[in-house]
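# A look at the structure
Given next are the chains, with one letter for each unit.
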Amino acid sequence: MTKMKTYELVIMALFAALMCIFGPLSLPIGPVPISLTTLVIYIASGILGTKKATVSCIIYLLLGIVGLPVFSGFSGGLAKLAGPTGGYLIGYIPLAAICGVFFYIGKNKWYVPVLGMIIGTTITYTLGTIWFMLQMDMGLMESLTLCVIPFLIGDGIKVIVATVLVPAIRKPMIKAGLIQ
């Protein structure tokens, strides 16, 4: 087992902090708000890799679970995670892991990380929508209309932004010896 260096822990904490900053800044358009948390997760996955991005995401979720107002609309607590949108929050964990894997295997091919972000987002949508359906006792089409369809364009834009930003951020960090 290799020990993490202090700067690696700091960078993971930094990305967890970015999730805490961007998570509450949401636009409530219905039962599921628009949030920039997924963009931060995409970027964290591309910069930190699978393990560290996933840990950053788990730290973010744990901070919210203990009651810090880091979720959408400056909310927090276990009730938020157990509520109708909790499945989307839990979906952030596989999102970070999947994106990290695809960024790793597609370092020099822009379309591989894009595919990973699409797959990860689809899994997040799936987990969240199933949870929402169970919590709200709604059918699939009604849930998709409320919880997925309004977000497709915005999430597509986030994928494009992350595809551009990750190499621009990653390259100087590698040069500085902060990441590999």
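Residues numbered from 1 in each chain as written. Predicted model: local features only at pLDDT ≥ 70, side-chain atom pairs only at ≥ 80, totals over all residues. Heavy atoms only, no water.

## Let's talk about the overall build of the chain
Formally: Here a strand is any run of E in DSSP of at least two residues, a helix any run of H or I of at least four, and the numbering for each starts at the N terminus. The globule rule used here is 2.2 Å times the number of residues to the 0.38 power, and the radius of gyration it is set against is calculated over C-alpha atoms. Summary of the burial criterion: residues with accessible area below 20% of their type's maximum are buried, those above 50% are exposed, and those between are partly exposed, where the area comes from a 1.4 Å probe applied to protein chains only. It only takes one pair of heavy atoms within 4.5 Å for two residues to be counted as in contact. Accessibility throughout is a Shrake-Rupley quantity obtained with a 1.4 Å probe, and a residue counts as covered only by protein chains that appear here. Positive charges come from Lys and Arg, negative ones from Asp and Glu, while His and the chain ends are left out of the count. Note that the charge is assigned to NZ on lysines, CZ on arginines, CG on aspartates and CD on glutamates.
Helix and strand counts for the chain stand at nine helices and zero strands. A compact globule built from 180 residues would reach a C-alpha radius of gyration of about 16 Å, and the chain, at 16 Å, matches this within 12%. Oriented by its inertia axes, the alpha-carbon framework of the chain measures out at about 50 × 35 × 30 Å. Looking at the chain as a whole, 44% of its 180 residues are labelled buried. Looking at the chain alone, contacts between residues at least 24 apart form 65% of all its contacts between residues at least 6 apart. In the structure as shown, the chain presents an accessible area of about 9500 Å², 76% of it carried by carbon and sulfur atoms. In the chain, 11 positive and 4 negative side-chain charges are present, and the distance between their average locations comes to 24 Å.

## Description of a nonpolar patch on the surface
Our working definition: Residues with no salt bridge and a relative accessible area higher than 30% make up the patches, which join like charges within 9 Å and nonpolar side chains (Val, Leu, Ile, Met, Phe, Trp, Tyr) within 5 Å. The term salt bridge refers to a side-chain nitrogen of Lys or Arg lying within 4 Å of a carboxyl oxygen of Asp or Glu.
A cluster of nonpolar side chains, contributed by Ile153, Ile157, Val161, Leu165 and Ile169, occupies part of the molecular surface with about 410 Å² of accessible area. By secondary structure assignment, the location of leucine 165 is in helix H9 (residues 152–175). Accessibility expressed as a relative area gives 33% for leucine 165, which makes it partly exposed.

## Some details on the packing of helix H6 (residues 92–105) against helix H7 (residues 111–136)
For the record, the criterion: Whenever a helix is involved, its axis is fitted only over the stretch in contact; in every case the axis is a line through C-alpha atoms, and angles between N-to-C directions fall within 0 to 180 degrees. Orientation labels follow simple angle bins: below 35 degrees gives roughly parallel, above 145 gives roughly antiparallel, 65 to 115 gives roughly perpendicular, and whatever is left gives oblique. By definition, any crossing whose near helix is turned counterclockwise from its far helix by less than a right angle is left-handed, and any crossing with a clockwise turn is right-handed. Nonpolar residues are Ala, Val, Leu, Ile, Met, Phe, Trp, Tyr, Cys and Pro. Charged residues are Asp, Glu, Lys and Arg, and all others, Gly as well, are polar.
Closest axis-to-axis distance for the H6/H7 pair is 8 Å, and the angle between their directions is 165°. With respect to their mutual orientation, H6 and H7 come out roughly antiparallel. For the element pair H6 and H7, the recorded crossing hand is right-handed. The segment H6 lies against H7, with Tyr92, Pro94, Leu95, Ile98, Cys99, Phe102, Phe103 and Ile105 engaging Val112, Pro113, Leu115, Gly116, Met117, Ile119, Gly120, Thr121, Ile123, Thr124 and Leu127. Considering only residue class, the contact of H6 with H7 consists of 15 nonpolar, four polar and no charged.

## Observations regarding helix H1 (residues 6–22)
How we decide: Multiply 1.5 Å by the residue count of a helix minus one, and that product is the helix's expected span.
Helix length check: H1, at 17 residues, gives a terminal C-alpha distance of 24 Å against a target of 24 Å (1.5 Å per residue), a fit within 8%. What H1 keeps buried is the set Glu8, Ile11, Met12, Phe15, Ala16, Met19 and Cys20.

## Quick look at the packing of aromatic side chains
Put simply, the test is: Under the pairing criterion, centres of Phe, Tyr and Trp rings, with the six-membered ring standing for Trp, must be within 6.5 Å; the plane angle then separates stacked pairs below 30 degrees from edge-to-face pairs above 60, leaving the rest tilted.
Inspection of every chain in the model, using the stated rule, returns three aromatic pairs. On the numbers, 6.4 Å between centres and 35° between planes, the contact of tyrosine 60 with tyrosine 92 is tilted. Within this pair, whereas tyrosine 60 is found in helix H3 (residues 50–65), its partner tyrosine 92 is found in helix H6, the two being separated by 32 residues in sequence. When sorted by exposure, tyrosine 60 lands in the same class as tyrosine 92, which is buried. Between tryptophan 110 and tyrosine 111, the ring centres sit 6.0 Å apart and the planes meet at 90°, which makes this aromatic pair edge-to-face. Its relative accessible area of 61% is what places tryptophan 110 among the exposed residues. Site record: aromatic cluster; members linked through ring pairs are Tyr60, Phe71 and Tyr92.

## Section: the pattern of salt bridges
A side chain with one charge can pair with a side chain of the opposite charge if their charged atoms come near. Tallied over the entire structure, the rule returns two salt bridges. Between lysine 158 and aspartate 155 there is a salt bridge whose closest N-O contact spans 3.1 Å. Of this pair, lysine 158 and aspartate 155 both sit in helix H9, three residues apart, which is roughly one turn of that helix. Taken individually, lysine 158 and aspartate 155 each receive the classification buried, so the pair is uniform in this respect.

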